[in-house]
Amino acid sequence: MKIGVIGGGAWGTALAQVAAAGGDRVRLWAREPEVVDAINATQRNPLFLPDVALSPEIRATTEIGALGECDAILVVTPAQHLRGICAQLPRHDTPLILCAKGIEAGTRKLMSETARDTCPHAPIAVLSGPTFAHEVAAGLPTAITLACEDEALGQSLARRLARPSFRPYASTDVIGAEIGGAVKNVLAIACGVVEGAGLGQNARASLISRGFAEMTRFGLARGARAETLAGLSGLGDLVLTCSSTSSRNFSLGKGLGQGRAAADLMADRRTVAEGAFTAPVLIEAAREAGVDMPIAEAVDALLAGRADVRAVIEGMLGRPLKREH
Ligand SMILES: NC(=O)c1ccc[n+]([C@@H]2O[C@H](COP(=O)([O-])OP(=O)(O)OC[C@H]3O[C@@H](n4cnc5c(N)ncnc54)[C@H](O)[C@@H]3O)[C@@H](O)[C@H]2O)c1
Ligand SMILES: O=P(O)(O)OC[C@H](O)CO
């Protein structure tokens, strides 16, 4: 049994470690030759997950064709690169487990829709939930949604990835699992702003709750199930990333809340804060669906430099009063 992982960032590396811990031989494709060399020579990924000793069962490569013999592939490149990566896959019928959290700019497509465009014959699953890579790689416990329309395949993939401290819960709601992961990144930026601007814990809890209302409205409009949005890949991940500077999205928001410019915060960063790329396409998709998402709109305005922190906060608090539901 050989499992493939595409993407040698923090999450791809952590998932390779999970797969190897279950006895799978793992073939990890990374874009950076220095990551490949370091993993093969030292069992470390100094660029993206420096503190973890990796299993020798993980063999890294820069040749995507080397994943042709894998019987399942975890695709863990950032959302905006998924289409390009899928087009390079050596086989187009291997089950793909999509792990990026975002919406494709331009097309407004979810990851499963993008993957189906390029690999129409590949069975698709989505893996998403509250999972900071460094904690998972260290073997700390978590639970995660594994969504697949083919229920039998989903359950088999969940069993294959399950470890004593890594519990996939099977679901057939692929769209719901994707929307939770994509939207929570934008909301985590907003919670970071609350922290950076010193607005207090009450404001953060209020924002998580009203953000969840936005996620639910948008998700239902796109065909997600409410219980998926309230589960691990939605509310679970939202609570995680809205609570900790371990989240790249939360940290980006914190910088914005302290008055720093988005361009400065994004310049030269090697790691990805997906919410910054998702925010503009999310609000386009929300407007298209007729869904009101004021928090996502505010994040987008801040990121684009159309408003400063003070104006955004005043705008949010000055909205007309309304019913909660
Ligand atoms: N890090 C986590 O804790 C975590 C957990 C769950 C999900 N995710 C999601 O996984 C995805 C990958 O995040 P990560 O944390 O592994 O990345 P990372 O921030 O650790 O590293 C950046 C990654 O982007 C890749 N990259 C940069 N430019 C690229 C290009 N042009 N083409 C292809 N790849 C390119 C790099 O090779 C590297 O793998 C994101 O969608 C993220 O939201 C991350
Ligand atoms: O660091 P973030 O904000 O990309 O969050 C990482 C994961 O998505 C948490 O589940």
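By convention here, each chain's residues receive numbers from 1 onward along its written sequence. Labels follow written order: the first chain is A, the first ligand is 1, and so on. Confidence filtering applies because this is a predicted model: local features only for residues at pLDDT of at least 70, side-chain atom pairs given and counted only at 80 or more, and all residues used for totals across whole chains, interfaces and linings.

## Concerning the overall build of the protein
- A run of DSSP states H or I qualifies as a helix once it reaches four residues; a run of E qualifies as a strand once it reaches two. Both are numbered from the N-terminal end. Each helix and strand counted, the protein has 15 helices and eight strands in total.
- All radius of gyration figures rest on C-alpha atoms, and the globule criterion is 2.2 Å times the number of residues raised to 0.38. Taking 325 residues into account, the globule formula puts the C-alpha radius of gyration at 20 Å, and the protein, at 19 Å, falls close to it.
- Overall, the protein is about 60 × 35 × 35 Å in size when its C-alpha atoms are taken along their principal axes.
- Here the protein holds 325 residues, and 50% of them are scored as buried.
- In the protein, the proportion of contacts linking residues at least 24 apart, taken out of those at least 6 apart, comes to 67%. Partly exposed residues are those whose C-beta has more than 12 but fewer than 20 other C-beta atoms within 10 Å; 20 or more makes a residue buried and 12 or fewer makes it exposed, with C-beta atoms placed from the backbone. Once C-beta atoms have been placed from the backbone, residue pairs whose C-beta atoms lie within 7 Å are recorded as contacts.

## A word on the domain arrangement of the protein
- Segmentation of the protein into domains returns domain 1 (2-172) and domain 2 (175-317).
- Each domain's extent is set by a domain assignment, obtained either automatically or from a database. Each of domain 1 and domain 2 has a C-alpha centre, and the two are 24 Å apart.
- Tallying the contact residues gives 23 residues for domain 1 and 24 residues for domain 2.
- For the side of domain 1 that touches domain 2, the secondary structure elements donating two or more residues are α4 (111-118), β6 (124-128), β7 (142-148) and β8 (166-171).
- Sorting elements by how many residues they give to the side of domain 1 that touches domain 2 places β7 first, with four residues.
- Residues are sorted three ways: Asp, Glu, Lys and Arg are charged, Ala, Val, Leu, Ile, Met, Phe, Trp, Tyr, Cys and Pro are nonpolar, and all the rest, Gly among them, are polar. When grouped by side-chain class, the residues that make up the side of domain 1 that touches domain 2 number 14 nonpolar, seven polar and two charged.

## What to know about the pairing of strand β1 (residues 2-6)
- Extensive coverage of β1 is indicated by the burial of four of its five residues.
- Strand pairing requires that DSSP identify at least two bridges connecting the strands. Pairing analysis gives five bridges linking β1 to strand β2 (residues 25-29), with the strands arranged parallel. Its bridge partner lying in β2, I6 is registered against W29.
- A crossover connection joins β1 to the parallel β2 through helix α1 (residues 10-21); in handedness this β-α-β unit is right-handed.
- Relative to strand β4 (residues 72-75), β1 is paired through four bridges, and the arrangement is parallel. A right-handed crossover is one whose linking path, passing over the helix from the first strand to the second, runs clockwise when the strands point away from the viewer.

## Details of the UniProt feature "domain: Glycerol-3-phosphate dehydrogenase NAD-dependent C-terminal" (unreviewed entry) in the protein
- UniProt positions are given in the numbering used here, feature names are shortened, and annotations may be inferred rather than shown by experiment. As annotated by UniProt and renumbered to match this structure, "domain: Glycerol-3-phosphate dehydrogenase NAD-dependent C-terminal" (unreviewed entry) occupies residues 173-313.
- Across residues 173-313 one finds 74% helix and 0% strand; the C-alpha atoms that close the span lie 35 Å apart.

## A look at the sheet that holds β4
- One open sheet accounts for eight strands, arranged β3-β2-β1-β4-β5-β6-β7-β8; its pairing is mixed. Taken across any chain shown, the strands that pair with only one partner, and hence form the sheet edges, are β3 (58-61) and β8. Going across the sheet, the axis of each strand differs from the next one's by a mean of 25 degrees, ignoring polarity.
- With four bridges joining them, β6 and β7 adopt antiparallel strand pairing. When the sheet's bridge partners are listed, S128 is paired in β7 with T145. Fitted lines through C-alpha atoms give the axes, limited to the stretch in contact for helices. The angle between two N-to-C directions lies from 0 to 180 degrees.

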